[in-house]
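Listed below, chain by chain, are the residues.
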Amino acid sequence: MDSPLWRDGFTLFLSIVVQAMPFLLLGVFLSGLLAVFVDGSQLARFLPKGKVGSAVAGGALGFFFPVCECGNLPVARQLVLKGIPPHVAVAFLLAAPVFNPVVIFSTWIAFRAMPEIVLYRILFSFGIAVAIGLLFSLQKDLQPLLHPAVWRELQRNTAPTDALATSTSSSLLQGGTFWRGARPTPAQPAPAGSLLTLQTAEEVYQSALAAPPRLPWQQKRSVLLQTWAREIRELGSVLILGSAMAALIQTVIPRSFLLDYGQDALVSILIMMALAAIISICSTVDAFFALSFAATFTPGSLLAFMVFGPMVDLKAIGLMLTLFKPRAIFYLVILTLQFTLVGALAINYYGG
């Protein structure tokens, strides 16, 4: 228990948790406010109708929710639960860790001597997020994408009002909030307790966008506290598990191995992308970590580290499992990897 390897791993674990937890709490705070005080019709009113416009708007939402990859998942999950199309949530989920004023400012402070890196990070992160969001918009059936609990919660909105009134709890959003008393769509739902697999995406969205009832403040406060407690318990446990895995893997990779391949145009990118996914540094401080490699690694690899890591590091993937199915996350990771690799190679070969 007193070995240096164990101490290093435990120190890394604590550092990841300490960096990430405040932003997770910020995301949970915003998520609770969305759950209680914002209804889907209000959110949808500000979204363009077309897929391209809505994906761009989803990415731009990150600027107004300055949280890193730990805190944006609770917000994204509530956006989906409010009836916002998943491709919009995907664009937000991927763009928010970088496309927000806090991270932009920290990146500028770290790379003031290389301002092009700051610009590339913003443009690449936003562009990749929107592109992947558009690709996800091609999926007509939501069920293969969403976590079963999230899918069931969306389906609950299609149940008759009187049936909802008898329900006292929900798996993701407990009693008395947006989901209770939501107006059913004109299409008749399947009987209670059955699998509503024939619902189309449009029907689910229209049902989820129904106006919530006006609740007294005391009931809203109670639901708000319940939502905060539940999401801290669920997402916090996943964050701790992901941080432990990241610390364990990081302790067994020799740093000298990384430095030996830092100037290879392709290998340096792959190493930094793997490093970003493994060490799971919060996007608000990862620019300073990347800066320590500026003398030994290529500019494209530094950019890949700061673009790929905030989107799909280990703890972010763990948190995504509370919103999406593993297959959807696999596609998201592969697409992000491909887009980031192409962009980083372009910087190494043509970025000067």
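Residues numbered from 1 in each chain as written. Predicted model: local features only at pLDDT ≥ 70, side-chain atom pairs only at ≥ 80, totals over all residues. Heavy atoms only, no water.

## Notes on the environment of G236
Here G236 lies in helix α11 (residues 217-251). Remark: the alpha-carbon pair of G236 and V28, spanning 208 residues in sequence, is separated by 9.9 Å. (Helix = DSSP H or I, 4+ residues; strand = E, 2+ residues; numbered from the N terminus.)

## Brief notes about the environment of T322
Locating T322 in the fold gives a position in the loop between α16 (314-320) and α17 (326-350). Between the C-alpha atoms of T322 and V238, which are 84 residues apart in sequence, the distance is 8.9 Å. Ignoring any residue separated from it by four or fewer positions in sequence, one finds T322 in contact with L73, R77, H147, V150, L235 and V238. (Contact = heavy atoms within 4.5 Å.)

## Brief notes about a nonpolar patch on the surface
A cluster of nonpolar side chains, namely L248, I249, V252, I253, F257 and Y261, defines an oily patch on the protein surface of about 550 Å² accessible area. Inspection of the secondary structure puts F257 in helix α12 (residues 255-260). In this structure F257 comes out as partly exposed when scored by relative accessible area, which is 42%. (Patch = residues over 30% accessible without salt bridge, like charges linked within 9 Å, V, L, I, M, F, W, Y side chains within 5 Å. Areas by Shrake-Rupley, 256 points an atom, 1.4 Å probe, with all protein chains shown as cover. Salt bridge = Lys/Arg side-chain N within 4 Å of Asp/Glu carboxyl O. Buried < 20%, exposed > 50% of the residue type's maximum accessible area, 1.4 Å probe, protein only.)

## Details of the side chain of T107
Looking at the element boundaries, T107 is found in helix α6 (residues 101-110). Classification of T107 as buried rests on a relative accessible area of 2%. In this view, T107 contacts V118, R121 and A287; residues no more than four positions away in its chain are not counted.

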